[in-house]
Amino acid sequence: MPDTNIAPPSKNEGIKLRSRALRGSILEGLGQGWTGALADDDTQLTKFHGIYQQDDRDLRAERGRKRMEPALSFMARLRIPGGRVTGEQWLQLDAIARERANGTIRLTTRQTIQYHGIIKGNLQPAIAAVNDALLDTIAACGDVNRNVIATSNPHESPAHAAALDMARTLSDGLLPKSRAWHEIWLGEELVAGGEPEHEPLFGTTYLPRKFKIAIAVPPQNDVDVYAHDLGLIAAVEDGITVGYDVVVGGGMGMTHGEPDTFPRTGDTIGFCTPDQALAVADAVVRVQRDNGNRAVRKHARLKYTIERMGLDAFKREVEGHLGYALPPARGATFAGTGDRLGWHESADGTWHYGLFIENGRVHDLPTRRLMAGLRAIANIHRGELVMTANQNLVIAGVAPDDKAGIVAALAQHGLDGGASPLRQRAMACVALPTCGLALAESERYMPDLVTALDAVMAEAGLSGDEVVLRMTGCPNGCARPYMAEIALVGRGPGRYHLYLGGAFDGTRLNKLYRRDVDHAGVLAALSPLLHGWAAGRHPGEHFGEWVIRAGHVAATLAGNQFHADVADAA
Ligand code: HEM
Ligand code: SF4
């Protein structure tokens, strides 16, 4: 597209181009013991290896006053397509958290795990240990295809198993070919002369921006399929996946006060068979590679490329790469975005326990000892552990003989108690103290907000009702707030924009309702609405529907319809 790529490329494009296929001077930087940091340009490149340099923001001001280097450490994110690991792998991941990171594991909203607090000297051993667990951190961040997510329990049906297989196929098929990760983190010999290898798909500058894929099996939209660059929705006949509807151009991030940035739900452009899916993904990636905005990173995601090209022109280019036209989509309806928590049995005779993990943080609290409990379970369990896209964990494929032991381990570690429906459905991004982009608290504030809102829900007789509540510390949207029925998006310390009216099944964006509210303001705004919903809803009507019907917010459409709100909110 001529208009965007005339402008000079952004700084990151130069860094990628000069990086010798993602090597930069990372290896040299790791050897520099006098600083906890890597060179600035290298901190952009480590993202392609799943690694972010961060500092402890709780300590930033004090260390600044003392003229000390910020308290630097690294976040490492794994690539775990479909979120599935074995019990043995979990034990290895747990050991890495305790020996090399801050002793906790963060389950993310995209079915993988993150470690926080890895100091520079621990990075190589930590990543080598991840490799020993037969996992990696390749392409977990950066301008590439990120972790591919899929509906969370492969045992639920053959279609669910096929979704996991597809996640792996797409993840492997779209992986960068560079051996830089192996050289830097595992000490593999440099390829002859150290010259960069050929990247047939990504070229020398990779993608303009991150790229995310999700695979859903209706009626469960547990992956929020419309929030990703590429979504595949399974079409299931007689229990077997016959193909996938193809959804393109979803994405969450925006910037406060910049109305030409906005969240967007994906558009359905056709249907493909399982055999064609990798080629379709490859074609979508190629069109984005060649047409995405490389001058302004804030406009570089696929959603903006599609807005600029027009959906029909975009689809034609994809079909040009494929050499055939995509047949019409089959259409799908969804029932919700949640996980199945608690015990359930699947047709293959195995049992599954959906374990609620508040905001995905696995750590030992006095009453809820998640690290120790999951270690105990991983020692008994012969099936898998599957991270969900809602920051929970499914203990999947439990053999009937192992169930009693797992029930006991859950009880011994305080993990069998229920949380309120509101808490179970709430998601918060990491935000402070590690995320450099956070404007407000999120993970550390959400538990208290839920407690306060649960009291309002109880007063209104809504204690048994489900509402999708999400929060992020900034507008980048890592916990997919713009899809939620109620969302708080950080503006500054203790201040949030309040959004309402997303769909319970993840098919509609919400809309700005109040600006810059604090804790008391959030409660004051939501309390009358929750009471109003309790009194005035139709049978089965979700909160997100009711706020629209009752005229509190307008229904939104996809795409840059969101503009108006953001401009208004600036
Ligand atoms: C401009 C957009 C974005 C930027 C710059 C950004 C940046 C970041 C950063 C720096 C972190 C690390 C925080 C930490 O662990 O301390 C993070 C976490 C994360 N981001 Fe984003 N992000 C963006 C948008 C998104 C979106 C739209 C999604 C998903 C729909 C997403 C998914 C995640 C996930 C899964 C994590 C891990 C922690 C969690 O589950 O909250 N990000 N992001
Ligand atoms: S939404 Fe913002 S504050 Fe939260 S993790 Fe993402 S970038 Fe950080």
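Caption draft 1: Molecular detail of helix α13 (residues 370–380). Within α13, burial applies to Leu370, Met371, Ala372, Gly373, Leu374, Ile377 and Ala378. For α13, the secondary structure elements touched by its buried residues are α6 (87–100), β4 (105–107), β12 (351–355), β13 (361–362), β15 (393–398) and α14 (403–412).

Caption draft 2: Just the pattern of salt bridges, in detail. The final tally for this structure, using the stated rule, is 38 salt bridges. A salt bridge links Asp58 to Arg444; its shortest N-O distance comes to 2.8 Å. Of the two residues, Asp58 is situated in the loop between β1 (51–55) and α5 (60–65) and Arg444 in the loop between β16 (427–428) and α16 (446–459); the sequence distance between them amounts to 386 residues. Residue class for Asp58 comes out partly exposed when judged on its relative accessible area of 45%.

Caption draft 3: Expanded view of the confidence of the model for the protein. Overall, the prediction assigns the protein a mean pLDDT of 95, with 95% of residues at 70 or greater. When the criterion is pLDDT under 50, residues 566–570 qualifies, and its contacts beyond four places in sequence or with other chains add up to 13 contacts.

Caption draft 4: Focus on the coordination of the iron atom of ligand 1. Looking at the iron atom of ligand 1, one finds just one donor atom contributed by the protein, Cys478 (SG), at 2.2 Å. Looking at the element boundaries, Cys478 is found in the loop between β17 (469–472) and β18 (486–492).

Caption draft 5: Here's a closer look at the environment of Val318. One can find Val318 in helix α12 (residues 311–322). Sequence separation between Val318 and Trp343 is 25 residues; the distance between their C-alpha atoms is 43 Å. Not counting the four nearest positions on each side in its chain, Val318 is found in contact with Ala283, Val284 and Val287.

Caption draft 6: Summary view of the sheet that holds β16. The strand order β16-β17-β18-β19-β20 describes an open sheet built from 5 strands, whose pairing is mixed. Every interior strand has two partners, whereas the edge strands, β16 and β20 (511–517), have only one. Bridging between β18 and strand β19 (residues 495–500) involves 6 bridges; their strand directions are antiparallel. Residue pairing for β19: Gly490 is matched across the bridge by Tyr496.

Conventions adopted
Residues numbered from 1 in each chain as written. Chains lettered and ligands numbered in written order. Predicted model: local features only at pLDDT ≥ 70, side-chain atom pairs only at ≥ 80, totals over all residues. Heavy atoms only, no water. Buried < 20%, exposed > 50% of the residue type's maximum accessible area, 1.4 Å probe, protein only. Helix = DSSP H or I, 4+ residues; strand = E, 2+ residues; numbered from the N terminus. Contact = heavy atoms within 4.5 Å. Salt bridge = Lys/Arg side-chain N within 4 Å of Asp/Glu carboxyl O. pLDDT = per-residue confidence, 0-100. Donors = N, O, S within 2.8 Å, 3.2 Å for Na, K, Ca; no water. Pairing = 2+ DSSP bridges.

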